Each structure stands twice: as C-alpha cells, then as structure tokens.
Amino acid sequence: ERLERERKERERQEKREKLLKGEAYVVKDKYFKRCYYLERENGKLVLRVPKWMAGHIIGKGGQRIKKLQEFLGEKVYIETYEDVAPRKIELSFGW
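Draft legend 1. Structural detail: the packing of aromatic side chains. Scanning the model with the defined rule gives one aromatic pair in all. Relative to Phe32, the ring of Tyr31 lies with its centre 5.2 Å away and its plane at 80°, an arrangement referred to as edge-to-face. In this arrangement the basic side chain of Lys44 is found over the ring face of Tyr77, its NZ or CZ atom lying 4.7 Å from the centre. The ring of Tyr77 carries the charged tip of Lys75 above its face, separated from the ring centre by 5.2 Å.

Draft legend 2. Broad picture of the side chain of Asp29. Of note, Asp29 is situated in strand E1 (residues 27-29). Buried Asp29, no salt bridge; nearest opposite-charge side chain is Arg34, N-O distance 5.3 Å. A polar contact is formed between the side chain of Asp29 and the backbone nitrogen of Tyr31, at a distance of 3.0 Å. Contact partners of Asp29, with chain neighbours within four places excluded, come to Arg34, Tyr36, Trp52, Met53, Glu90 and Leu91.

Draft legend 3. Geometry of the packing of helix H2 (residues 51-58) against helix H3 (residues 63-72). Contact pair H2 / H3: the axes reach a minimum separation of 5 Å and the direction vectors enclose 70°. If you check the angle between H2 and H3, you find them roughly perpendicular. Side by side, H2 and H3 meet where His56, Ile57 and Ile58 of the first sit next to Gln63, Arg64 and Ile65 of the second.

Rules and cut-offs
Residues numbered from 1 in each chain as written. Predicted model: local features only at pLDDT ≥ 70, side-chain atom pairs only at ≥ 80, totals over all residues. Heavy atoms only, no water. Phe/Tyr/Trp six-rings, centres within 6.5 Å; stacked < 30°, edge-to-face > 60°. Lys NZ or Arg CZ within 6 Å of the ring centre and 35° of its normal. Helix = DSSP H or I, 4+ residues; strand = E, 2+ residues; numbered from the N terminus. Buried < 20%, exposed > 50% of the residue type's maximum accessible area, 1.4 Å probe, protein only. Lys, Arg positive; Asp, Glu negative; His and termini not counted. Salt bridge = Lys/Arg side-chain N within 4 Å of Asp/Glu carboxyl O. Polar contact = N/O pair within 3.5 Å; in protein donor to acceptor, adjacent residues only side chain to side chain. Contact = heavy atoms within 4.5 Å. Axes fitted to C-alpha atoms, helices over the stretch in contact; angles between N-to-C directions. Parallel < 35°, antiparallel > 145°, perpendicular 65-115°, else oblique.

Following this line, the structure appears as structure tokens:
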C-alpha cells in the first residue's frame, strides 16, 4: 500500500513537471483536435485559449482553475482570443 502511494505521488510529480515545462497539455478540444499548453511568460504561467473555452477551464465558481493552481503550486493566468466556437464542446483535461 505504501509503495502504491509512493508510485502515485511520483506520477503526480512527473505530470506536474511536464505541465510546467509545456510538455503535456492542460486542455484538449476534441472537436477541433487542438491542445493547449502552459507557457512561461515574464515569470508567469499563461494559458492562451479561445474566449469560448475560458469559462470551461475556470469552472463553476472557479473550482477547476483553483484545482489546477493547487496541483501546480502556482497561479495560472488565462489569456483569451477570439475564435469560432464548435457546434459541440468536448474537452478533456490533461491533469
């Protein structure tokens, strides 16, 4: 049981490091088949996404973005841009 917990913690740490390095996606839009990654900009973690997606990432009452920030141990800034929204929204989160 202890070994299982240690293995899971190692996996979480590896995932965290990949997200912070931009090697793993934060969110994937399955409709358009696009992935969005964190970028380090002027010492800040920035996630650039289409405007229509921002609310889905933030989540109800900010719950989803808070969980991401807790997981990463850093504040994440979301920058948006205009883009066409898909007819069907189907997102998967890489964390």
